[in-house]
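Here's the letter readout for the chains.
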Amino acid sequence: MRVGGGVEGVTVVEDKDDDPYTRPLQLSEALNVSELFSETGSVFEVSPEEGEKLKEKARTFFDDDAIINSLKLGAGNGMFSDDEEQSSSGDEGLEPFEKLAQKMEDMTGDGGVLKMELRSGIGGGIPSGASVVFHYSAYLQFCDEPFDSSHLRNKPERKVMDSGDLMQGLNVAIKTMRKGEIARFLVKPEYAFGKLGCLPRIPGNETILYEVNVVSFVDRAAADAYEELDEEAQSAATFKEKLEAARSYHRQGNEQYREGCLPAARSSYFRASWIMENARLQDEAEELQRGALLAKLRSNLAQVFLEMKEPARSCTQCKLGLGVSKGLSDDMKAKLHYRYGKAKAMLNDFKDARKEFRHAQRLRPNNPDISKELECLLQQEEKHMAKERLMYQRMFGAPTALQHSSTSVHNPTRTSAPNHIPTSVAASPSAKQNSILPTITPEFERIVEERIMSFALDPDVNELPFPNKLSEEEIAFVAAAAKAANF
């Protein structure tokens, strides 16, 4: 790319393969102003980061096959195959929507909502009050592109059926579907935008063509019914009512987790756990049902906290899950131990992490994920030890680098008077056995041991300084070890 100058101003001359954007560009090097306004102009390069942005912009906006296919739907463009067009040649006087209506099924009895199933769904139907996640595209007749589409926003819609938040025709249409189903609907004006429409995009008395894909749904009717009760009624609810409400929250949390809404999923799981924890039990069967659901909820919460980088809270959930008295299967135990191990590893508690992974492996010896985590744990531990080694080497470097230290070891048998309280870490087993300091690492002990041995063998050194940022436990350990080494 070349910039030309002169008295008439600056001209950007673009190569034919360049993307012509007029917004400011980030260059790899600053421009020379004198060259910029010279007759020959100035040559410059766009920064690599800016180049990537230009490449991304140059790509087709609708680069998803599903979106491209959906854009081919309108105005008979892709609505019928060639065979269908030929077979319907006798209907040349009909408009595209009229042709399509002949192949559709009436869902309302008055022709207000017509349906054509493109792909069958699975499971049961969508009940009233269900929270549905779906994609849709909406078309006007004779228009090649949708006037509204969740695909173009790259985000599905979430609506509660029969809540009044959804257009009547679309609400009726979705309730006829199942999970994973794709269908087309013709919605008449009285079930859509009516006589007035929604100007300027939607004229009045307009029939709308919808293509809908139900991604998932959660029947949360039981949860809603429970939440509508006052506190006294909730307390008096039967175990079955509380179990159904908790299961409803559990399903909702699973959907939220799959969508990546971790805080929302955490809230749903916590609400379900609270309901189950406060459920009154009548017999062992109810205790087993309660325990099985609580273990799942605790395991799910542990995973959520792992992904939210809160390993300590994940450990708490694993511990609570493993503490369930009844209803805990071996699969769930293995999962809880596995997640407990991952949380401990995030806390750099490698010993306990290995113990939890071993527990999980004994329950599920052929699980490849557990074996992989044990290998990763070994690598993580080695990296952690290498970092610790480097840290301690910096802490216990040459004395000149530690001239501001406030802790040192002094040899009273040498000529200079002690200036500090003698403290050090000794190699003697007695010092280690008498110490109950879990925060002292073996690497800390090893490095200080070596320094004390060097100090003892060098008669010309009277003082062994230590960094001034040692913890109380480290100082206490150093003091005990120094005493054991007769300093």
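The structure we're discussing is the one just above.
Now for a description of the structure that goes with this document. Quick caveat: nothing in here was measured; it's all calculated off a predicted structure. (Residues numbered from 1 in each chain as written. Predicted model: local features only at pLDDT ≥ 70, side-chain atom pairs only at ≥ 80, totals over all residues. Heavy atoms only, no water.)

Here we take up the overall build of the chain. Scanning the chain from terminus to terminus reveals 19 helices and 14 strands. Evaluated residue by residue, the chain yields a buried proportion of 39% over its 487 residues. The contacts in the chain between residues at least 6 apart in sequence include a share of 66% that link residues at least 24 apart. For the chain, the accessible area works out to roughly 27,800 Å², and carbon and sulfur atoms hold 50% of it. (Helix = DSSP H or I, 4+ residues; strand = E, 2+ residues; numbered from the N terminus. Buried < 20%, exposed > 50% of the residue type's maximum accessible area, 1.4 Å probe, protein only. Contact = heavy atoms within 4.5 Å. Areas by Shrake-Rupley, 256 points an atom, 1.4 Å probe, with all protein chains shown as cover.)

Further remarks concern the packing of aromatic side chains. What the rule picks out here adds up to 4 aromatic pairs. Ring centres 6.0 Å apart and planes at 45 degrees place the aromatic pair Phe-134 and Tyr-136 in the tilted group. Comparing Phe-134 with Tyr-136, the two get one shared label, buried. Look at Tyr-338 and Phe-357: their rings are 5.9 Å apart centre to centre, the planes differ by 55 degrees, and that puts the pair in the tilted class. Pair noted here: Tyr-338 is in helix α14 (residues 330–346) and Phe-357 is in helix α15 (residues 350–363), with a separation of 19 residues, a long-range link. Owing to a relative accessible area of 18%, Tyr-338 belongs among the buried residues under this scheme. Connected via pairs of aromatic rings, a cluster forms that spans Phe-134, Tyr-136 and Tyr-210. (Phe/Tyr/Trp six-rings, centres within 6.5 Å; stacked < 30°, edge-to-face > 60°.)

A word on the environment of Gly-291. For Gly-291, the position within the fold is in helix α12 (residues 284–307). Placed 30 residues apart in sequence, Gly-291 and Gly-321 show a C-alpha to C-alpha distance of 8.8 Å. What Gly-291 contacts, discounting residues up to four positions off in sequence, is Val-324, Lys-326 and Gly-327.

What follows is about the pairing of strand β11 (residues 182–187). β11 sits mainly inside the fold: 6 of its 6 residues count as buried. Along β11, one buried face is formed by Ile-182, Arg-184 and Leu-186 and the opposite face, lined by Ala-183, Phe-185 and Val-187, is buried too. For strand β5 (residues 113–119) and β11, the ladder comprises 6 bridges, and the chain directions are antiparallel. Considered in β11, the bridge of Arg-119 is made with Ile-182. (Pairing = 2+ DSSP bridges.)

What follows covers unusual backbone geometry. Looking along the chain, the bond that leaves Leu-199 and enters Pro-200 is cis, with omega of 10 degrees. Checked against the element boundaries, Pro-200 lands in the loop between β11 and β12 (208–218). Even without being a glycine, Asn-205 presents a positive backbone phi close to 55 degrees. Position of Asn-205 among the secondary structure elements: in the loop between β11 and β12. The exposure class assigned to Asn-205 is exposed, which follows from its relative accessible area of 51%. You will see that Asn-348, though not glycine, has its phi angle at about 65 degrees, which is positive. Note on placement: Asn-348 falls in the loop between α14 and α15. Take Asn-348: its relative accessible area is 37%, and that puts it in the partly exposed class.

In this section: the pattern of salt bridges. Taken as a whole and assessed by the stated rule, the structure comprises 19 salt bridges. The shortest N-O distance in the salt bridge between Glu-277 and Arg-290 comes to 3.3 Å. Of this pair, Glu-277 sits in helix α11 (residues 262–277) while Arg-290 is found in helix α12, placing the two residues 13 residues apart along the sequence. Note on Arg-290: relative accessible area 17%, which makes it buried. Between Glu-310 and Arg-313 there is a salt bridge; the shortest N-O distance is 3.3 Å. What makes Arg-313 partly exposed here is its relative accessible area of 38%. A single network of salt bridges, built from pairs that share partners, joins Asp-148, Arg-153 and Glu-157. (Salt bridge = Lys/Arg side-chain N within 4 Å of Asp/Glu carboxyl O.)

It is worth spelling out the packing of α11 against α12 at this point. At a closest axis distance of 9 Å, the pairing of α11 and α12 adopts a crossing angle of 155 degrees. One way to sum up the angle between α11 and α12 is to call them roughly antiparallel. Once α11 is placed against α12, the crossing between them reads as left-handed. Residue-level contacts link Leu-262, Arg-266, Tyr-269, Phe-270, Ala-272, Ser-273, Met-276 and Glu-277 of α11 to Arg-290, Leu-293, Leu-294, Leu-297, Arg-298, Asn-300, Leu-301, Val-304, Phe-305 and Glu-307 of α12. (Axes fitted to C-alpha atoms, helices over the stretch in contact; angles between N-to-C directions. Parallel < 35°, antiparallel > 145°, perpendicular 65-115°, else oblique. Left-handed = near helix turned anticlockwise from the far one by under 90°.)

This next bit is on α12. Between its first and last C-alpha atoms α12 spans 35 Å; for 24 residues at 1.5 Å apiece the expected length is 34 Å, and the two agree. Where α12 starts, the residue carrying a side-chain oxygen 3.2 Å from the main-chain nitrogen of Ala-285 turns out to be Asp-283. Downstream of α12 by one or two residues, Lys-309 has phi in the positive range, about 60 degrees. (Expected span 1.5 Å × (residues − 1). Polar contact = N/O pair within 3.5 Å; in protein donor to acceptor, adjacent residues only side chain to side chain.)

What follows concerns the nonpolar core. Counting residues in each nonpolar core, the largest one holds 27 residues, and the members touching the most others are Val-132, Ile-174, Phe-185, Tyr-210 and Val-212. Counting 22 residues, the second-largest nonpolar core is a separate cluster that includes Ala-237, Leu-294, Phe-305 and Val-324. (Core = buried A, V, L, I, M, F, W, Y, C linked by side-chain atoms within 4.5 Å.)

This part is about a negative patch on the surface. Where like charges cluster on the molecular surface, the negative patch consists of Glu-105, Asp-106, Asp-110 and Glu-190. Looking at where Glu-105 falls in the secondary structure, it is placed in strand β4 (residues 105–106). (Patch = residues over 30% accessible without salt bridge, like charges linked within 9 Å, V, L, I, M, F, W, Y side chains within 5 Å. Lys, Arg positive; Asp, Glu negative; His and termini not counted. Charge placed at Lys NZ, Arg CZ, Asp CG, Glu CD.)

Most of β12 is tucked away: 9 of the 11 residues are buried. Where strand β7 (residues 131–140) meets β12, 10 bridges bridge the pair, whose relative direction is antiparallel. Following the sheet pairing, Leu-140 is matched in β12 by Ile-208.

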